Amino acid sequence: MSFKIVTLAIALSAVPGAMYAQFDFSLDGKQIQVHSFASQGFAYSNDNNYLTMKTSQGSFAMTDVGINVSTQLTDKFHVGAQFYDHNVGNLGHWEPQLDWATADYRFKDWFGIRAGKVKTVIGLHNDTQDFGFLHTFALLPQSIYPVDLRDAYIAHTGGDIYGTLSLKSLGSLAYTVYAGHRQDSLYGGYIYLLQDRGVNYTTYGGLQYGADLRWNTPLKGLVAGISRMNQDTKGSGTAVCTAATPVNCAVYNPKGGAGVSAPDEEHSKKDWTNQFYGEYAIGNLKIDAEYRRYYRDVIAWNDLLDVWSDNRGWYVSGSYRLSRRFEVGSYYSALSTAYKRGSLPASLDTSLPGNHIHDKVVTARVDLTKFWDVKVEGHFMDGYNNNQYPAGFYAPDNPQGFQPKTNLLIVRTGWYF
């Protein structure tokens, strides 16, 4: 890696820390709070390109911005919304979106309701993944919180019921039960993955419902929980018959001619997630661990193929704040996928590099001001898991083929007010 590239990456820290401003004001006697955030990243890898960026050449195509507005209408009634925009390589495409917009009424500590476009509560960090200043790492563990699927997981349009129950000497139990509609961006990882296979969906989404149960234990700083999510999704658009997608030819042109395009759809047969998590924080030390099993069975290509994948991910992370402005962290993240497509033999060997990613990560975070940080992070990955569901590595961005190992540098700076 050249000294020039590293110097350019670290120069991101030249972004003025003076961007901080407190932007609160009153309207009709109500206090309105306005907050925003932005981050800029640089990524450089040795061989494989990652997250659709040209990381093997060094890429600055890793930017996101957001602004949220909220107010407390009464002691029990809170409303807010956040607008978000981003571009990561070939994902995002600077298409602005309403990230969330929620009306929240808490009747009692043990019972409240939220409605609108509501952040989905699953695992430790799904509903806070947009708050980069809360996290030590430049990238959260991708086995559980993949950047290329953020738009699919961040929120649902519907409602929640939630609350916290006191268990007295046993701590407390926080619960959330939700139901709504998931709507994927057309510039997310799954849509991008399908495009390489001749499938172009113009809509993808469906019913999403689940629950989260979090135990705040009597031991200070120790939290444990479990999440469950079920989905019934459908994608629709077109598929084209090409030499690389002969199954499409069988559907749309039995004579085998290339270039034939016709309506296409897929829908869920089974789609569920189980997630278990725990966190322990004491003093300047924090340790997290999560495990997720995501099972997906879809009927694809106009009922021609039954495609299933069994995705299992987990990580263990630790971080320690050495001083007021300096923090270090590390995690080990693992993702494996077994899958089957139609009558083809099942691919069950998760030791193959195409069926797993093992990621060893080290991070240093420097808080240059209270509202401005820089994170330098190294990833040492084994495998690329390029098969039935997005995992960061995409064939169109790696026309030379995949190497079994990837070393990746991320330098990311973020500011917020």
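Residues numbered from 1 in each chain as written. Predicted model: local features only at pLDDT ≥ 70, side-chain atom pairs only at ≥ 80, totals over all residues. Heavy atoms only, no water.

A.B. asks: Could you give an account of the overall build of the chain, naming the residues involved and the relevant values?
C.D. replies: In terms of helices and strands, the chain carries four helices and 17 strands. A sequence separation of at least 24 residues applies to 65% of the contacts in the chain between residues at least 6 apart. Here the chain displays about 18700 Å² of accessible surface, and carbon together with sulfur accounts for 63% of that area. (Helix = DSSP H or I, 4+ residues; strand = E, 2+ residues; numbered from the N terminus. Contact = heavy atoms within 4.5 Å. Areas by Shrake-Rupley, 256 points an atom, 1.4 Å probe, with all protein chains shown as cover.)

A.B. asks: Outline the packing of aromatic side chains, supporting the account with residue identities and numerical values.
C.D. replies: What the rule picks out here adds up to 20 aromatic pairs. Where Phe-77 meets Tyr-105, the ring centres are 5.8 Å apart and the plane angle is 50 degrees; that geometry is what we call tilted. Remark: Tyr-105 occurs in strand E5 (residues 97-108) and Phe-77 occurs in strand E4 (residues 77-88); sequence separation between them is 28 residues. Aromatic side chains Tyr-201 and Tyr-204 sit 6.3 Å apart centroid to centroid with 20 degrees between the ring planes, which places their arrangement in the stacked category. Across the pair, Tyr-204 and Tyr-201 agree in class, each one buried. Chaining the aromatic ring pairs together yields one cluster made of Phe-77, Tyr-105, Phe-107, Trp-110 and Phe-111. Looking at Arg-114, its charged tip hangs above the ring of Tyr-162, at a distance of 4.0 Å from the centre. Above the face of the Tyr-84 ring, Arg-150 is positioned so that its terminal group lies 3.8 Å from the ring centre. (Phe/Tyr/Trp six-rings, centres within 6.5 Å; stacked < 30°, edge-to-face > 60°. Buried < 20%, exposed > 50% of the residue type's maximum accessible area, 1.4 Å probe, protein only. Lys NZ or Arg CZ within 6 Å of the ring centre and 35° of its normal.)

A.B. asks: Mind laying out the pattern of salt bridges, listing which residues take part and the relevant values?
C.D. replies: Summed over all chains, the structure comprises 14 salt bridges. For Asp-184, the salt bridge identified is with Arg-182, shortest N-O distance 2.6 Å. We classify Arg-182 as buried; its relative accessible area is 3%. Asp-367 is the partner of Arg-321 in a salt bridge, and the nearest nitrogen-oxygen pair spans 2.9 Å. Here the residue Arg-321 occupies a position in strand E13 (residues 305-321), and Asp-367 occupies one in strand E15 (residues 356-369), the gap between them amounting to 46 residues. The exposure class assigned to Asp-367 is buried, which follows from its relative accessible area of 9%. Salt bridges sharing partners connect three or more residues here, namely Arg-321, Glu-327, Arg-365, Asp-367 and Asp-373. (Salt bridge = Lys/Arg side-chain N within 4 Å of Asp/Glu carboxyl O.)

A.B. asks: Talk me through the side chain of Thr-63; I want residue IDs and the actual numbers.
C.D. replies: With respect to the helices, strands and loops of the structure, Thr-63 is situated in strand E3 (residues 62-72). A polar contact of 2.6 Å, which involves the side chain of Thr-63, links it to the side chain of Gln-40. (Polar contact = N/O pair within 3.5 Å; in protein donor to acceptor, adjacent residues only side chain to side chain.)

A.B. asks: Let's hear about the nonpolar core: which residues, and what values?
C.D. replies: In terms of nonpolar packing, the biggest core is built from 23 residues, with Tyr-190, Val-199 and Tyr-201 touching the most fellow members. Elements that contribute at least two residues to this core include exactly helix H3 (189-195), strand E9 (199-216), strand E10 (222-240), strand E12 (285-300) and E13. The biggest single contributor to this core is H3, with five residues. With 20 residues, the next largest nonpolar core counts Met-53, Met-381, Phe-393 and Phe-402 among its residues. (Core = buried A, V, L, I, M, F, W, Y, C linked by side-chain atoms within 4.5 Å.)

A.B. asks: An account of the pairing of strand E8 (residues 172-183) is needed here, citing residue identities and associated values.
C.D. replies: Where strand E7 (residues 155-166) and E8 come together, 10 bridges link them in antiparallel fashion. Counted as the bridge partner of Gly-158 is Gly-180 from E8. Taking the residues that link successive antiparallel strands as the turn, the E7-E8 hairpin has five residues, and the phi of Lys-168 there is positive, at about 55 degrees. Sheet topology note: the E8/E9 ladder contains 12 bridges and is antiparallel. Residue pairing for E9: Arg-182 is matched across the bridge by Gly-206. (Pairing = 2+ DSSP bridges.)

A.B. asks: I'd love a proper account of the environment of Tyr-209, names of residues and values included.
C.D. replies: Along the chain, Tyr-209 turns up in strand E9. Every residue in contact with Tyr-209, bar those within four places of it in the chain, is listed here: Tyr-178, Ala-179, Arg-228, Met-229 and Asn-230.

A.B. asks: So what's going on with unusual backbone geometry? Residues and values would help.
C.D. replies: The phi dihedral of Thr-52 falls on the positive side, at around 65 degrees, and the residue is not glycine. Inspection of the secondary structure puts Thr-52 in the loop between strand E2 (30-45) and E3. Within the chain, His-93 stands out as a residue other than glycine whose phi angle is a positive 60 degrees. For His-93, the position within the fold is in the loop between E4 and E5. The partly exposed category is assigned to His-93, whose relative accessible area is 38%.

A.B. asks: Pulling in residues and values, what's your account of the environment of Arg-114?
C.D. replies: Along the polypeptide, Arg-114 turns up in strand E6 (residues 111-119). Sequence separation between Arg-114 and Tyr-178 is 64 residues, and the spatial gap between their C-alpha atoms is 9.1 Å. In contact with Arg-114, not counting residues within four places along its chain, are Thr-102, Ala-103, Asp-104, Val-121, Gly-158, Gly-159, Asp-160, Tyr-162 and Thr-176.

A.B. asks: Can you tell me about the confidence of the model for the chain, naming the residues and giving the values?
C.D. replies: Predicted confidence across the chain gives a mean pLDDT of 90, with 90% of residues reaching 70 or more. Low confidence marks residues 1-22, where pLDDT is under 50. Its contacts with residues over four positions away, or in another chain, come to 31 contacts. (pLDDT = per-residue confidence, 0-100.)

A.B. asks: Let's hear about the environment of Asp-349: which residues, and what values?
C.D. replies: Relative to the elements of secondary structure, Asp-349 occurs in the loop between strand E14 (326-341) and E15. The class for Asp-349 is partly exposed, based on a relative accessible area of 38%. Sequence separation between Asp-349 and Thr-337 is 12 residues; the distance between their C-alpha atoms is 8.6 Å.

A.B. asks: Requested: an account of the pairing of strand E11 (residues 261-282), with residues and values cited.
C.D. replies: In the sheet, E10 pairs with E11 via 16 bridges, with the strands oriented antiparallel. Residue Gly-237 lies in a different strand from E11, and its bridge partner there is Asp-264. The loop that links E11 with its antiparallel partner E12 comprises two residues; one of these, Gly-283, has a positive phi angle of about 60 degrees.

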